[in-house]
Every structure is written in structure tokens, then in C-alpha cells.
Amino acid sequence: MDISLVSSEAVDLLSRITGQKLRKQDLTPPVIFLAALITVLLGVMLLDGTVTDEEKRRWQQTINRFIPSEYARQLSQLMSKGVRQNQVYKKLNELLMLTAPFSESERLLLIGFGYEMSAADGDMDAREKKYLEVIANRLEINPQHLAVLEAGFSHQGTVEPAALEEVQSLLDPARFHALDAVFIKAANDMLAVLPAKPKQQAKQQQRLSLSYEELQRFQGYRQQLKTASKQLAEIIQDGTNQGVLPNNLTAQVEQVSQKLSSQRFRVAVVGEFSQGKSTLLNALLGEEIQPVREIPCSGTVTVLRYGSQKRVICRYKDKREEEIPFEQYKIKAAISEEAALDCVSDELARSDIEEIIFEHPDLELCRSGVEIVDSPGLNEHPDRTAITQQLLKDTDAAIFLINASRPLTQGERDLIQDLKTQLNGGKTDKAAKNLFVVVNFMDLLRSENGRQQVRQRIERFVQGQNPIIAGENRLHFISAQATLDAIFAGSENDYLKTFQKFTKAVENFLITERGLIEFQQSTEGLKQLIEVSCDELNQFEQILEGKLKVSEEDKHKIFEEMGEASGRDVRIQLLAEQLIVKSCEQAEESWNEWAEGISDRITQKSNDWSSEYSHLWGQKDLIRDYADQFVRDLTKELDDWGNQKIRDSILKQNVEIIDNEIKQEIEYIRKRFQFFDRRLNTSLVNQLNVAAAETLGGLGAGGLGIASSINSDIGGAGGFFGGLGAGGLVAGALLIFTGLGIVPVILGGLAAAAGGSFGFGLLDVDGIHNQIKQKICDLGLEKFRQSEEAILGKIGKKIDSVFNDKADAASKAIAQAISISENLLEQQEKVHQETLEQREAEQVFIAEKRRELEQVQKNMEAILPC
């Protein structure tokens, strides 16, 4: 529905019908459709001068179907009265005025309800049919489409297969997302009434399967590297057991092995409700795994991944975890139909499920090393920011799904901008390289001109002057359902080919721009461990041959250095504790100053809030929309404060202090190792560099490589709140306080204050929006104040983690330095106590392990993931 086509005359007409002074912004698609629907239904009922009991019942059932709230019921009563009094149903020009913004599908749905009403008493009156035909003609509805509707409701006559297919396409529920969920369900119900498609004897085809050959090949390279890592771990373990290699090498190779074992590509599918996310996933997997429904369906975050056996694990918000029968999966993962038609966000808020993990051994994509994360529709999620961050945690790529029949609503524009910003670590001026925009339901666009218009509109937005996406092949136009149909039918079509281009683009990105980088890092890490192991073997060999001797004087100095190193560790820990206290005190002082003016700033920002919902139809949706904007503005305020005052001021100064202290202490150890390397001809510095690589970012030739940037240590460009996010912080604090997210808290508070309703009358047009905004500000800020202690507690924990993480990393690096020193002394003591025969056996062992290390090195060099 194109609201821009609503004329001032239509606004005046609806004002006259309802008895209210309406504005154009009050006329949302559901309001306009309801007015036209009531007009057509009353026309059918009153045309023959009698209203049967069956017609009365059908009227009641039809109207009740479209009444989501008491306000809409009140509105429908006003409309019914006004249409009767003004006899709008007799004035086709006025009906045309109402239907001017309707799409072809919406016009057909409207006239379909007229046929349903006409058939309510079991017989379609000739006058009623003529009335509907006249209206349909003025609405430019194909007569063959009318014949399909008549046959469906009268259960008589035959229809042209082509006309039936066209009507089914026009009434596809995906076309009605601009309206309310009840209209989507109504379209689905009307489809069920239509005549069945003629059955055709089709040759049985073998089901097609999507191939992910490149991913499978890369998975093979990963497996080869895992094998090399396992071989290296066995060699190092042998050396450790023999007393030749230090214990810290075992821990380091285990760390690399665990990283390799857990490596899989993580792809998140994101979008608003009812955009075909579940169907897209089913097409990607080639199986109907995800529950699919025309109205909002997916109700929780679902992770699909490879497992040796099929099983479903349900994780709850209270940290409980249970395995559930496969049969319960679709029930647990879906929203109830009642909630989908009424209030999705309320059910999402009440849900105690954190995520559902679905493991399967036979899903081709998951077997190829990909983990897929499916999301509930984010447009109605009460904790959108927190859930988005949960989705994007460790994500390699995100797929944002758009409906081609109503592309780029304001909600979608806001959501995709937010997604781009989070994928870029908080940077708003940079396009996202790992974001794919996928436009679904292209099969619903009937003309080439319509398809081109959608392409151009979306291309301008996502690739225009301020691009959303960066990189090649990030924008795709598909039909997930047509692809799935082709897979199951075993017949290739254009939609399947287009879908394969999309999967190939994702596959190529995951391998070249994510997998190869991880692969090279892991390979380099293993090579460094091989190098250090060889150095340790050479060191022990030199001791065996008498070429390396640690004098009593040097031994005493090494013991002294080990003791001093422990003291340095203690000093760093004490400094971290002092800086935590200092930073928390500074943060609280800054918070009090910031919070003093928050009420005035939020109230001022509420003047700019707007909504696509009307108080006439969905007052609850309007309130929820404003509540979302309250949270958006509050979290923006909190983000700005956290980044400017905490990250860029307080933490930047204090982190610099501990960074300098760690650098000085580790650099001193490094210099002492250099002293012993020159004196004893050892390679202690090289061993320390590799040992510290995982804990402090590595030690380069030019000195210590810790904290390459302040931002990476205290939240990055995404802000001080990092993975938690300010939105998550507010919602999380209120979750502690109330058990709900902030939006349900505001809505519940408004409802309770009004005794079960929101307390805003239908007729108070001019002041109602300001009243709602003020109520939301008052209640939201009240709940926010009550949660201040919890929020400050979270801030304190974040500050703790910044300094404790640094101190812990320094402790590990120092412990590794001590272990390296100990190993040198233990090697000498071991040789001193061994017999000549034992020493010869040791030399044979060293030669054998050196050969094994060289073979592992050759095996790794033979792996060519390109």
C-alpha cells in the first residue's frame, strides 16, 4: 500500500465517517483497509434489503478477525456507523478514493471478502454478485480472477489453471506485510478456500542438493592442519615427559589445537519478522528444518551446526540446559499463533529460552564447517540491541533479509544501519565488509519493470553515497521458496541458479576473507612452536655435549631473577587493584554529573519521535514504538557518555599507566634473557617471544607488542561497553531489576497505571501522541533510576575486567619466563645426574624428535589452501 497516494479528500472522508478530525499520518494501511472492508461488506449485506442471520454472523466473524485491540474495535464501530449514515457503500467514487493507495493484491483481497460475505448464507445473490463485479471493474480486477474467487466460495464451476495460479500468487501472504499480521493470516485463509490446483502426473525426480565443494575442500585443509597440530602436541608431550622440553610448550600447543578444533564459520541470518528467514535457511540446508509460517514464526535464537548425531539442546536464561526430543524442536523454536496475531514482543519477553542448538550429521552446509544462527524478527524484539549482539558475537558474516514486495521500510533502514554499525565495531561512517543483503520474494514481483524498480531502490540505499555494504557480490535478489521447491522437485530453475550464485558468494567470502586469515595465523603459531621446540632440543643437546654450562654464579643469578620476576608480578597486580578503585571512583563521579540532566535531554529528544503506527488502529504498537525510541535515545546518551568520559578519558589515562608498568617489567625480563643468551649462547629471548605471543600480543624485535591500541583493550571503536553494548547494558540492568527487558517494563507500567488499558482515548487526536511520549519518558526514566545501581555495578565489572585481564596476561607471561628459566636449570641438573649411556640415549631421542618436527613442518608446508 502506497500511503503517499492517500488524498486530502480521503482524509476528509474518513474524518466524516469516524466523526473525528483526522490527519494523514493517522491513516495507516490497516486503518484504510478496514474502512474499505467495512464499506464493501455493508454494501453486500444491505444491497438486497435484508440481512440474514448468517450474514450477521459472517460480519461479526470477519470484523473480529481484524480487531487487534479495543481501540480498533471502537474504531470499527465508528466506521460502521459512519458508512451506514453516509451510505458510502453506494458511492463508488468514495470507495475508489479509499482504495487509491491499494496494491493489486490488496484490491483482490478486499473483493475476496465481499465474495465471502455474499456466500455466507449459502447462496450468492445475483444483485450482490453484480455489485461486486461493478466494484471489481472499477478496481481494475481481472474478471478471470473474480471467477476464481466465486468458484472458491460457491464451490461451483471450473477455473482456468493460469488464472488460479495468478490469484494464488497475488494472495501470497508475503505481499501483505505492510498491513497487520491478521491480514497476512486472512490472505492465507483465503488461499485455503480457493479451488485446488489440477493434479498433474509428474515424472518422479531425484531431489537436488546444493554443493559446497570449496568449503568442503577448505575443511579438508583445516583437518590436515589439525592433524599436524596433534602430531606436534604428541612430540612436545614426549619431550616434556623426557624432561627435555618445558611444560609451558605443552600448554601452548594445546591452546592452538583447541582453537583449531573449535574453528567453524559462523553465519547469522537477520531481519524483521516474516521476511522468509526460516525458508532461506531451509533452502541453504536443503531440508525443512526450521518452522515456517506466514505470520511471525521463529521465537528464539537457533544455532544450526554439525553433530555426529541428530539432537536438540535447549539453553535457558537461568543457565539450565537440557536435551529435548526432536519432535519438540519446532514447537520450542516457534511463537504461538495467538501471540503472532496479537503481541509478539510480549511472548518474546516472557520466554525463558536463551537459545536452541540443533545438531545434525547430514546437513551439507554444516558438515562443511559452517554454523548458522537464525534470529527471531528483530523489529518486534523487546531487547533488540542485546539480541543482535548475541547474534553477532564471533560472527564471520551476517545475512540481512528484505521483502521485495515492501522493501526498505523505515524499520528495516534503521535495523540495517544498526547492524552495519555493530559489525564495524561501532563505526558509523564505514561500510560493512561481512554483511550480505538478500532480497527475498522476487517471484512475487510480476513485471520486469517492478523488479527493476526494486533493484534500483535497494542498490541506491545499500551501495549509494553512504554505502551499507562493501566488497563484491554482497547484494542478491532471490526467492527462497522457489529455490526450495526446485530442490525438492529435482528440477533446476532460474531461482535456483540465482540462489547458487548467492551461496557461492558467501562461500567465497568465508574462505578468502575469513578462513585463510585464521588458517595462516594458526599455521604461523604452529611454526613458531616448532622453532622454539627445536631451540630447546638444541639447547639440551649443547648441555649434553658440554658446550653449554651454567656456572654456579649464573645459576644463582637465574634464581635471583626468578624471584624478582615473582615480585614484578605482585607489583603489577597491586597497581591493577589501585587503578580499578581510582577508575570506579572517577566513573561514579562522572555518572552523577551525566545523570543529573538526563531527564531534560530525553524529554527534549522525544519531540523528534515518530511512528508508522496510528493510535486509531494499534495504540499498543504505537506505545511500543515510542518505548523503543526512548531506549534508543537513552542508550545513545549512555554510549556517548561511556565512550567520551569512560573510554576516552578515565580508562585511556589509567590503562596507559598499567600498560607502561607491564611494558617496563616485561622489558626488564627480556633484557636479562638477552644477557644470559649472550653469556651462555642460549635462545631464551626467542622462547619468551613465542611464549608471550598469545598472552601479550607478542614480543617483536623492537620491544613489547602489548596493547597495539588502547581501543582494542577497552572496547574498541564499538565503545567502552564492548560486546555488552549500551543497549544491552540498560536492558541487562533492568533484567536484573525486573526480570524483563526495558520495553516490556515500560508497557507493563503504562498498562498497570491505567488499570489494564493504556488510558488514552480514541478521540483525543491532537494531544494523544504527546501524552504517550510523556508517560513513556516518566515511567522509563523512573525504571532507569531504579536500575542505576545495577548499571553502575555492570560498569564496575567492566572496569575490573579491563585491568584484571591485563594483569592476568602479564602474570602468564611472567610465569612463562620463570618456566623457561627453570627448564634451563632442570636440563643441566638432569644431564649432571645421567650416565654416559643415558646421555647417548638422550642424543638419539633428540635426533628422533628433531626429525619428527622437521616432518611436521614439511607436512604443513604441503597444505595449500588457495
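Note that the structure is a prediction, hence the values are computed from the model and not measured.

Procedures and definitions
- Residues numbered from 1 in each chain as written.
- Predicted model: local features only at pLDDT ≥ 70, side-chain atom pairs only at ≥ 80, totals over all residues.
- Heavy atoms only, no water.
- Helix = DSSP H or I, 4+ residues; strand = E, 2+ residues; numbered from the N terminus.
- Buried < 20%, exposed > 50% of the residue type's maximum accessible area, 1.4 Å probe, protein only.
- Contact = heavy atoms within 4.5 Å.
- Areas by Shrake-Rupley, 256 points an atom, 1.4 Å probe, with all protein chains shown as cover.
- Phe/Tyr/Trp six-rings, centres within 6.5 Å; stacked < 30°, edge-to-face > 60°.
- Lys NZ or Arg CZ within 6 Å of the ring centre and 35° of its normal.
- Core = buried A, V, L, I, M, F, W, Y, C linked by side-chain atoms within 4.5 Å.
- Pairing = 2+ DSSP bridges.
- Axes fitted to C-alpha atoms, helices over the stretch in contact; angles between N-to-C directions.
- Left-handed = near helix turned anticlockwise from the far one by under 90°.
- Nonpolar A, V, L, I, M, F, W, Y, C, P; charged D, E, K, R; others polar.
- Salt bridge = Lys/Arg side-chain N within 4 Å of Asp/Glu carboxyl O.
- Expected span 1.5 Å × (residues − 1).
- Right-handed = clockwise from strand over helix to strand, strands pointing away.
- Polar contact = N/O pair within 3.5 Å; in protein donor to acceptor, adjacent residues only side chain to side chain.

1. Topic: the overall build of the protein chain
Along the protein chain, the regular secondary structure elements total 32 helices and 11 strands. Taking all 866 residues of the protein chain together, the buried fraction comes to 53%. Counted over contacts in the protein chain with a minimum sequence separation of 6, partners at least 24 positions apart contribute 81%. Of the roughly 38,200 Å² of accessible surface on the protein chain, 45% is carried by carbon and sulfur atoms.

2. Some remarks on the packing of aromatic side chains
According to the stated counting rule, one finds 12 aromatic pairs in the structure shown. Through a chain of ring-to-ring contacts, three or more aromatic side chains come together here, namely Trp591, Trp594, Trp641 and Phe784. Positioned over the ring face of Phe265 is Arg222, at 4.2 Å from the centre of the ring. Against the face of Phe675 rests Arg672, its NZ or CZ located 4.6 Å from the ring centre.

3. Comments concerning the nonpolar core
Membership of the largest hydrophobic core comes to 135 residues, with the highest contact counts inside it found for Leu232, Leu280, Leu510, Trp591 and Phe803. With 20 residues, the single largest contributor to this core is helix H25 (residues 619-680). Among the nonpolar cores identified, the runner-up in size contains 64 residues, and Val44, Leu146, Leu170 and Ala187 belong to it.

4. Describing the pairing of strand E3 (residues 311-316)
Relative to strand E5 (residues 353-360), E3 runs antiparallel, the two being bridged by 6 bridges. Among the inter-strand pairings, Arg311 is bridged to a residue of E5, identified as Glu359. Direction of pairing for E3 relative to strand E4 (residues 321-324): antiparallel, over a ladder of 4 bridges. Bridge pairing in E4 places Ile313 opposite Glu323. Counted between consecutive antiparallel strands, the loop separating E3 from E4 contains 4 residues, among which Lys319 sits at a positive phi close to 80°.

5. Here we look at the sheet that holds strand E8 (residues 435-440)
As summarised here, the arrangement of the 9 strands in space is E4-E3-E5-E2-E6-E1-E7-E8-E9, forming an open sheet in which the pairing is mixed. Only two strands of the sheet have a single partner each, and these edge strands are E4 and strand E9 (475-477). Neighbour-to-neighbour, the strand axes of this sheet turn through a mean angle of 20°, independent of strand direction. Pairing analysis gives 5 bridges linking strand E1 (residues 265-271) to strand E7 (residues 397-403), with the strands arranged parallel. What sits directly across from Val269, in E7, is Ile399. Each of E1, strand E6 (370-374), E7, E8 and E9 touches helix H22 (residues 494-544); the most contacted strand, E1, lies at about 130° to it.

6. Overview of the packing of helix H13 (residues 277-285) against helix H21 (residues 480-489)
Where H13 contacts H21, the two axes come as close as 8 Å, and the packing angle between them is 35°. In this structure, the crossing between H13 and H21 has a hand that is left-handed. Between H13, through Thr279, Leu280, Asn282 and Ala283, and H21, the contact on the second element is made entirely by Ala480, Gln481, Thr483, Leu484 and Ile487. Here the residues of the contact of H13 with H21 are counted per class, giving 5 nonpolar, 4 polar and no charged.

7. Quick notes on the pattern of salt bridges
Inspection of every chain in the model, using the stated rule, returns 33 salt bridges. Between Lys806 and Asp659 there is a salt bridge whose closest N-O contact spans 2.7 Å. Of the two residues, Lys806 is situated in helix H31 (residues 788-833) and Asp659 in helix H25; the sequence distance between them amounts to 147 residues. The pair Lys806 / Asp659 is uniform in exposure class, with both members buried. In this structure, a network of salt bridges that share partners links the residues Arg305, Arg311, Glu323 and Glu359.

8. Description of helix H32 (residues 836-861)
Two residues of an α-helix separated by three or four positions point the same way, owing to the 3.6 residues in each turn. Here H32 spans 38 Å end to end across 26 residues, near enough to the 38 Å set by a 1.5 Å rise per residue. Within H32, the full set of buried residues consists of Glu842, Phe845, Ile846, Lys849, Arg850, Leu853, Val856 and Met860. In this fold, the buried residues of H32 make contact with helix H11 (213-241), H22 and H31.

9. Some thoughts on the packing of helix H19 (residues 410-423) against helix H20 (residues 448-463)
The interhelical angle for the contact between H19 and H20, taken along N-to-C directions, is 35°, at an axis separation of 12 Å. In terms of crossing hand, the pair formed by H19 and H20 is right-handed. Contact residues: H19 offers Arg413, Ile416 and Gln417, while H20 offers Arg457, Phe461 and Val462. Counted by class, the contact of H19 with H20 contains 3 nonpolar, 1 polar and 2 charged residues.

10. Things to note about the environment of Val267
On the secondary structure map, Val267 appears in strand E1. Linking Val267 and Ala397, residues 130 residues apart in sequence, is a C-alpha distance of 4.9 Å. Beyond its immediate chain neighbours, meaning those up to four positions away, Val267 contacts Val370, Glu371, Ile372, Val373, Ala397, Ile399 and Leu510.

11. Observations concerning the pairing of E8
Regular strands have side chains that alternate between both faces of the sheet. Counting buried positions along E8 yields 6 of 6 residues, so the element is predominantly enclosed. Side chains of E8 alternate between two faces, with Leu435, Val437 and Val439 and Phe436, Val438 and Asn440 buried alike. Examined bridge by bridge, E7 and E8 share 6 bridges and lie parallel to one another. Bridging from a neighbouring strand, Phe400 pairs with Val437 of E8. Strand direction decides the pairing type here: E8 and E9, joined by 3 bridges, are parallel. Note that in E9 the partner of Val439 across the bridge is Phe477. Each parallel crossover has a hand, and the one from E8 via H20 to E9 is right-handed.

12. Looking at the side chain of Asp554
Positionally, Asp554 belongs in helix H23 (residues 552-596). Among the residues examined, Asp554 registers a relative accessible area of 4% and is labelled buried. Among residues more than four places away in sequence, those in contact with Asp554 are Phe676, Arg679 and Leu680.

13. Observations regarding the environment of Glu9
On the secondary structure map, Glu9 appears in helix H1 (residues 8-18). Note on Glu9: relative accessible area 46%, which makes it partly exposed. In the structure, Glu9 is positioned 88 residues away from Met97 in sequence and 7.5 Å away in space, judged by C-alpha atoms. Polar contacts involving the side chain of Glu9 include one to the side chain of Ser8, which spans 3.4 Å.

Just geometry here; none of it tells us what the structure is for.
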